[in-house]
Amino acid sequence: MRVVQVALVLAVLALAPGRADEAAPDYFIVVTGGELLEGAYPDGHTHFLTRTLRPLGLRCAGALLVDDRREDLLAALHFATNRAGLVLVTGGLGPTPNDITRETLSEFTGIPLRESEAAVAELERRFGQSRDRLRPNLRRQCQVPERGGFFPNPRGTAVGLVFDLAPGALIALPGPPRELQPMVREQVLPWLRQRY
């Protein structure tokens, strides 16, 4: 009888949440930015994301740092999605011509973009201008995936993006740490808890 009880206790412990040997969803990080490759800034995103997501039981399967070039980002996305169902992409969502992440993720996933009324309304409020007076490069940042969603950005103009690839997802985050880190803590973590 004692052997059966010990075996039962071991079986229950093996199923307990939060165990290191439990299969957890893997994720992959793709950091974009020519300025990082040139050594102008260090990549702090990988360190921050792995440290922040580990308590959720998510395991980082790897990370890549690529230039702000469509071909480089597409190659990184192919590599990353073959290794993990959840891919986090940082940078390239801003208003400049080399901010190509949004369009490249749309091309890669086949999920079209549409302008978000809520994101445009937030820019109207922030800049005190009607939508027809907002600069086109600002309005471009209001393009979100038709299948997925977005994370508002109270500290910047570029919203975070979720491309839903059920069961997986591609999440795009703004590059500046002062925008990325609060967005991850306040919005991405609750989304990941609910999703996984």
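Residues numbered from 1 in each chain as written. Predicted model: local features only at pLDDT ≥ 70, side-chain atom pairs only at ≥ 80, totals over all residues. Heavy atoms only, no water.

1. Description of the packing of helix 4 (residues 70-81) against helix 5 (residues 101-109)
Logical step 1: Where helix 4 contacts helix 5, the axes come no closer than 10 Å and their chain directions differ by 50°. Put simply, helix 4 runs oblique to helix 5. Viewed along their axes, helix 4 and helix 5 form a crossing whose handedness is right-handed. Seen from helix 4, the contacting residues are Arg70, Leu73, Leu74, Leu77, His78 and Thr81; seen from helix 5, they are Thr101, Thr104, Leu105, Glu107 and Phe108.
Logical step 2: When the residues that make up the contact of helix 4 with helix 5 are grouped by side-chain class, the tally is five nonpolar, four polar and two charged. (Axes fitted to C-alpha atoms, helices over the stretch in contact; angles between N-to-C directions. Helix = DSSP H or I, 4+ residues; strand = E, 2+ residues; numbered from the N terminus. Parallel < 35°, antiparallel > 145°, perpendicular 65-115°, else oblique. Left-handed = near helix turned anticlockwise from the far one by under 90°. Contact = heavy atoms within 4.5 Å. Nonpolar A, V, L, I, M, F, W, Y, C, P; charged D, E, K, R; others polar.)

2. Focus on the sheet that holds strand 8 (residues 168-173)
Logical step 1: Taken together, the six strands give an open sheet; going across it, the order is 2-1-3-8-7-6, and neighbouring strands pair in mixed fashion. Each edge of the sheet is formed by a strand with only one pairing partner; in this case those strands are strand 2 (59-66) and strand 6 (148-151). Taking each pair of neighbouring strands and ignoring which way they run, the sheet shows an average axis angle of 15°.
Logical step 2: Inspection of the sheet shows strand 7 (residues 160-165) paired to strand 8 by five bridges, in the antiparallel sense. Paired with Val162 across the bridge in strand 8 is Ile171. (Pairing = 2+ DSSP bridges.)

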